[in-house]
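Take a look at the letters that make up each chain.
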Amino acid sequence: MRIQGGTTFIFAVGLLAFLGTRSALAAGDAERGARAFRQCIACHSIEPGLHMTGPSLASVLGRKAGSIEGFTRYSDALRAAQLTWTEATLDQWLRDPAALVPGNTMTFPGIPDAQARQDIVAYLKAVPQGTAAAQPRPQLPNLKQASAESRVTRMRHCKDTYEVVTADGKAHRIWEFNLRLKSDTSPSGPRPNEPVIVGAGMRGDRASVVFSNPAEISSFIRDGC
Ligand code: HEC
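Residues numbered from 1 in each chain as written. Predicted model: local features only at pLDDT ≥ 70, side-chain atom pairs only at ≥ 80, totals over all residues. Heavy atoms only, no water.

We now examine the overall build of the chain. When you go through the chain residue by residue, the secondary structure sums to seven helices and seven strands. The order of helices and strands in the chain, counted from the N terminus, is α-α-α-α-α-α-β-β-β-β-β-β-α-β. For the chain, the proportion of its 225 residues judged to be buried stands at 36%. Of the contacts formed within the chain by residues at least 6 apart in sequence, a portion of 48% connects residues at least 24 apart. When the accessible surface of the chain is totalled, it reaches about 13900 Å², and 56% of it is carbon and sulfur. (Helix = DSSP H or I, 4+ residues; strand = E, 2+ residues; numbered from the N terminus. Buried < 20%, exposed > 50% of the residue type's maximum accessible area, 1.4 Å probe, protein only. Contact = heavy atoms within 4.5 Å. Areas by Shrake-Rupley, 256 points an atom, 1.4 Å probe, with all protein chains shown as cover.)

To continue, consider the site of the ligand. Of all residues adjacent to the ligand, which total 25 residues, the nearest are Cys-40, Cys-43, His-44, Tyr-74 and Met-106. Interatomic distance of 2.5 Å between a side-chain N/O atom of Tyr-74 and an oxygen atom of the ligand. When each cavity is represented as a set of grid points, the ligand is found to reside in the largest pocket. A per-element tally of the shell around the ligand places helix H4 (residues 87-95) first, with three residues. (Near = heavy atom within 4 Å. Polar contact = N/O pair within 3.5 Å; in protein donor to acceptor, adjacent residues only side chain to side chain. 1 Å grid on protein atoms, 1.4 Å probe; cavity = no way out; pocket = protein on both sides within 12 Å on 5 of 7 lines; lining within 4 Å. Sits in = over half its atoms within 2 Å of the grid points.)

Moving on, we get to the packing of H4 against helix H6 (residues 114-129). The interhelical angle for the contact between H4 and H6, taken along N-to-C directions, is 130°, at an axis separation of 10 Å. By the angle class used here, H4 and H6 are oblique. Considering only the axes of H4 and H6, their crossing is right-handed. Of the residues in H6, those in contact with Glu-87, Leu-90, Asp-91, Leu-94 and Arg-95 of H4 are Arg-117, Gln-118, Ile-120, Val-121, Leu-124 and Lys-125. (Axes fitted to C-alpha atoms, helices over the stretch in contact; angles between N-to-C directions. Parallel < 35°, antiparallel > 145°, perpendicular 65-115°, else oblique. Left-handed = near helix turned anticlockwise from the far one by under 90°.)

Let us look at unusual backbone geometry. The phi angle at Lys-159 is positive, at roughly 55°, despite the residue not being glycine. Looking at the secondary structure, you find Lys-159 in the loop between strand E1 (152-158) and strand E2 (161-166). Overall, the relative accessible area of 70% leaves Lys-159 in the exposed class. Of note, the phi angle at Asn-193 is positive, near 60°, even though the residue is not glycine. Its location among the elements puts Asn-193 in the loop between strand E4 (179-183) and strand E5 (196-198).

Let us now look at the pairing of strand E6 (residues 207-211). Burial within E6 is extensive, with five of its five residues counted as buried. Sheet topology note: the E4/E6 ladder contains five bridges and is parallel. Residue pairing for E6: Lys-182 is matched across the bridge by Val-210. When E5 meets E6, the two strands line up antiparallel, connected through three bridges. Across the sheet, residue Ile-197 finds its bridge partner in E6, namely Val-209. (Pairing = 2+ DSSP bridges.)

On to the sheet that holds strand E3 (residues 171-175), then. Across the sheet, four strands lie side by side as E3-E2-E1-E7; this open sheet has mixed pairing. Both edges of this open sheet fall to E3 and strand E7 (222-223), since each of them pairs with a single strand only.

As a further point, take the nonpolar core. The biggest cluster of nonpolar side chains holds 26 residues, and the ones touching the most others in it are Phe-37, Val-60, Leu-78, Trp-85, Ile-120, Tyr-123 and Leu-124. At the level of secondary structure, the elements contributing two or more residues to this core comprise helix H2 (30-36), H4 and H6. When residues of this core are assigned to their parent elements, the largest contribution, six residues, is made by H6. Residues within four places of Val-60 in sequence aside, it is in contact with Ile-68, Trp-85, Leu-90 and Leu-124. The next biggest cluster of nonpolar side chains, apart from the first, holds 13 residues, and it includes Val-164, Ile-174, Ile-197 and Phe-211. (Core = buried A, V, L, I, M, F, W, Y, C linked by side-chain atoms within 4.5 Å.)

On to the state of the cysteines. According to the stated counting rule, one finds one disulfide in the structure shown. The partner cysteine of Cys-158 in its disulfide is Cys-225, sulfur to sulfur 2.1 Å. Linking Cys-158 and Cys-225, the disulfide has an S-S dihedral of approximately 100° and is accordingly described as right-handed. Here Cys-225 lies in the segment after E7 and Cys-158 lies in strand E1, a separation of 67 residues in the sequence. (Disulfide = S-S within 2.5 Å.)

Before going further, it helps to examine the sheet that holds E6. Strand order in this open sheet of three strands is E4-E6-E5, and the pairing throughout is mixed. The open sheet terminates on both sides in strands that have one partner only, identified here as E4 and E5. Neighbouring strand axes in the sheet, compared pairwise and without regard to direction, differ in orientation by 25° on average.

Below, the structure written as structure tokens:
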């Protein structure tokens with residue numbers, strides 16, 4: 001009798017522990033999710049309309065995949081996927097995005113930990129309700145406020161070298177293969193004909209010059225030595 005009772009007791013405790021884990025897992029904790037979301041902030045913001053490498057995730061639950069307004073870089077695969085983002089589909093996506101939508105362009109390996117996925121989904125649910133913890137704002141520099149040492153006044157291409165002269169009068173000579181020419185047409189991009197050099201710091205072997213639009217790249221750079 002005593003042994004039987006003990007077994008029943010152990011079984012009951014085991015069952016309760018099991019149910020306890022299950023319901024904790026199903027719940028998802030938005031606050032923990034906000035911390036886990038740091039894995040995403042290199043590519044996603046949660047501010048409406050602020051798209052980065054990936055679309056803003058301000059209100060993703062309940063939407064059709066690949067349909068957030070203003071994001072112009074969806075893969076054909078995600079747009080064609082007949083998917084609506086629910087807790088279940090988001091969980092599958094976060095576990096293994098390539099398995100759910102083969103050919104999508106989110107370069108992210110997936111999160112094996114089911115609890116962490118549930119937490120992130122709880123967080124994404126809490127964001128539009130205004131109950132989620134704040135995230136640090138994405139650090140997008142305002143290139144209209146670039147300092148004299150970054151503001152480019154002249155630029156020429158001579159043999160295999162770019163000479164970039166900045167508003168503080170300094171000339172930087174950079175091997176053409178190490179200089180990236182970029183454009184930033186967003187409100188934080190540079191003013192027309194005032195490109196900005198970034199990354200030409202201490203070591204200075206690699207840098208980018210950011211222009212206000214792509215057409216300016218060839219008109220601004222003089223050719224010749
Ligand atoms: C390296 C950049 C990168 C990281 C890191 C990343 N994503 Fe993405 N994400 C993307 C890109 C790019 C897309 C668009 C994919 C496509 O169109 O195929 C995307 C798409 C999505 C979508 C679908 C949105 C829609 O409108 O259909 C969701 C949801 C999503 N990501 C959530 C996350 C979450 C949550 C994390 C962190 C756990 C994360 N992503 C990490 C780049 C990233």
